Amino acid sequence: MKLCCLTSFKLTTESEKQLKEYSRLAAIYDQKWSFYIEATTRETLKRVTLTPTDQLLDVGCGSGTLLQRLSERYPKVNLSGIDPVSPMLEIARQRLPERVKLYQGWAQRLPFEAEQFDIIISCNMFHYLQEPVLALREMRRVLRPSGKLVITDWCHDYLTCRLLDGFLRWLNRAHFKTYGKQECVQLLKETDQVVLNVDRYKINWFWGLMTVYSVKDNEMSNPDNT
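Please read these numbers as outputs of a predicted model, since none were measured by experiment.

Scoring rules and cut-offs
- Residues numbered from 1 in each chain as written.
- Predicted model: local features only at pLDDT ≥ 70, side-chain atom pairs only at ≥ 80, totals over all residues.
- Heavy atoms only, no water.
- Salt bridge = Lys/Arg side-chain N within 4 Å of Asp/Glu carboxyl O.
- Buried < 20%, exposed > 50% of the residue type's maximum accessible area, 1.4 Å probe, protein only.
- Helix = DSSP H or I, 4+ residues; strand = E, 2+ residues; numbered from the N terminus.
- 1 Å grid on protein atoms, 1.4 Å probe; cavity = no way out; pocket = protein on both sides within 12 Å on 5 of 7 lines; lining within 4 Å.
- Points joined across faces, edges and corners; volume = space filled by probe spheres on them.
- Nonpolar A, V, L, I, M, F, W, Y, C, P; charged D, E, K, R; others polar.
- Pairing = 2+ DSSP bridges.
- Axes fitted to C-alpha atoms, helices over the stretch in contact; angles between N-to-C directions.
- Parallel < 35°, antiparallel > 145°, perpendicular 65-115°, else oblique.
- Left-handed = near helix turned anticlockwise from the far one by under 90°.
- Contact = heavy atoms within 4.5 Å.

Colleague: Please set out the pattern of salt bridges residue by residue, giving values where relevant.
Modeller: Across all of its chains, the model carries 12 salt bridges by this definition. Residue Glu 43 is joined to Arg 42 by a salt bridge in which the shortest nitrogen-to-oxygen separation is 3.7 Å. For Glu 43, a relative accessible area of 9% corresponds to the buried category. With its nearest N and O atoms 3.0 Å apart, the salt bridge here joins Glu 90 to Arg 93. Of this pair, Glu 90 and Arg 93 both sit in helix α4 (residues 86-95), 3 residues apart, roughly one helical turn. The class for Glu 90 is partly exposed, based on a relative accessible area of 40%.

Colleague: Outline the layout of surface pockets, listing residues and values.
Modeller: By volume, the largest pocket is sized at about 840 Å³. For the largest pocket, the lining is made up of 45 residues, of which Tyr 22, Tyr 29, Asn 124, His 127 and Tyr 128 are closest to its centre. For the lining of the largest pocket, the elements supplying multiple residues, two or more each, are α1 (13-32), α2 (34-46), β1 (55-59), α3 (65-73), β2 (78-83) and α6 (159-171). The leading source of residues in the lining of the largest pocket is α1, at 10 residues. For the lining of the largest pocket, the class distribution of residues is 24 nonpolar, 15 polar and 6 charged. Empty space within the second largest pocket amounts to approximately 180 Å³. The wall of the second largest pocket is formed by 14 residues, among which Thr 49, Asp 54, Asp 118, Ile 119 and Lys 148 lie closest to the centre. Mapped by element, the contributors of at least two residues to the lining of the second largest pocket are β4 (117-123) and β5 (143-154). Here the lining of the second largest pocket gets 5 residues from one element, more than from any other, and that element is β5.

Colleague: An account of empty space enclosed by the protein is needed here, citing residue identities and associated values.
Modeller: By rolling a water-sized probe across the atoms, one finds the places where empty space is left. For the structure on display, the rule yields 1 cavity of 30 Å³ or more. Every residue along the wall of the largest cavity is listed here: Phe 126, Ile 151, Thr 152, Asp 153, Trp 154, Tyr 179, Cys 184, Met 210 and Val 212. Within the residue set of the lining of the largest cavity, elements represented by two or more residues are β5 and β7 (208-216). Residue contributions to the lining of the largest cavity peak at 4 residues, all from β5. Tallied by class, residues from the lining of the largest cavity come to 7 nonpolar, 1 polar and 1 charged.

Colleague: I'd like to hear about the pairing of β1, residue by residue, with values.
Modeller: As a general feature of sheets, a regular strand has side chains that alternate between the two faces. Burial of β1 is extensive: 4 of the 5 residues sit out of reach of the surface. As judged from the 5 bridges shared by β1 and β2, these two strands associate in the parallel manner. Directly across from Val 59, in β2, lies its bridge partner Ile 82. Here 3 bridges tie β1 to β4, and the two strands are oriented parallel to one another. For Leu 57, the partnering residue across the bridge sits in β4 and is Ile 120.

Colleague: Residues and numbers for the packing of helix α5 (residues 132-142) against helix α7 (residues 181-190), please.
Modeller: For the pair α5 and α7, the least separation of the axes is 9 Å and the interaxial angle reads 55 degrees. One finds that α5 runs oblique with respect to α7. In the crossing of α5 with α7, the sense of the turn from one axis to the other is right-handed. Of the residues in α7, those in contact with Pro 132, Val 133 and Leu 136 of α5 are Leu 187, Leu 188 and Glu 190. Grouping the constituent residues of the contact of α5 with α7 by class yields 5 nonpolar, no polar and 1 charged.

If you want it as structure tokens, here you go:
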């Protein structure tokens, strides 16, 4: 797979704080957030169907839990993951089969040529993005025509998530913001994704999530159609 990058994304102070925080937490992350990781992985997998020829990229793959489940369920699918935190990737490498390719990098600057993947998944990462539009444009760029994007993240439409969002914005600069259904849909439309479905649900009394399922707008991919 050829590597390429078409954006001018630069690390910010907040991005550096994310690196430091999750490098520090990497060794205990899976244990500390075991319920949350299990629930969000399960809900995301419910909404993903792959074929043996698919090329899949997990953006913000962290310690590789989602990729591990995908590799077990779809042993013939070509799987890749990318994350900026080196210690998290080291844990992922220990748990994943060698056929799963892992890269260190940011969602806003994906090191891949255009139209490399049939499906992109992002789970529990979107609320950290300092430049969500730039990241979505990068994801769209590396998707093949009619490629699918699946995002699972906190949902601002739930009161508990709104309260947590405000708390974290005040105390944790690694956190950026959470989005409600309509705001997330608007971001995807701005980056030429066709939103197919948005599921909102709770995994317990506190965590309100949404999984957004969209497809690349091929009309926008062809200059002759503009």
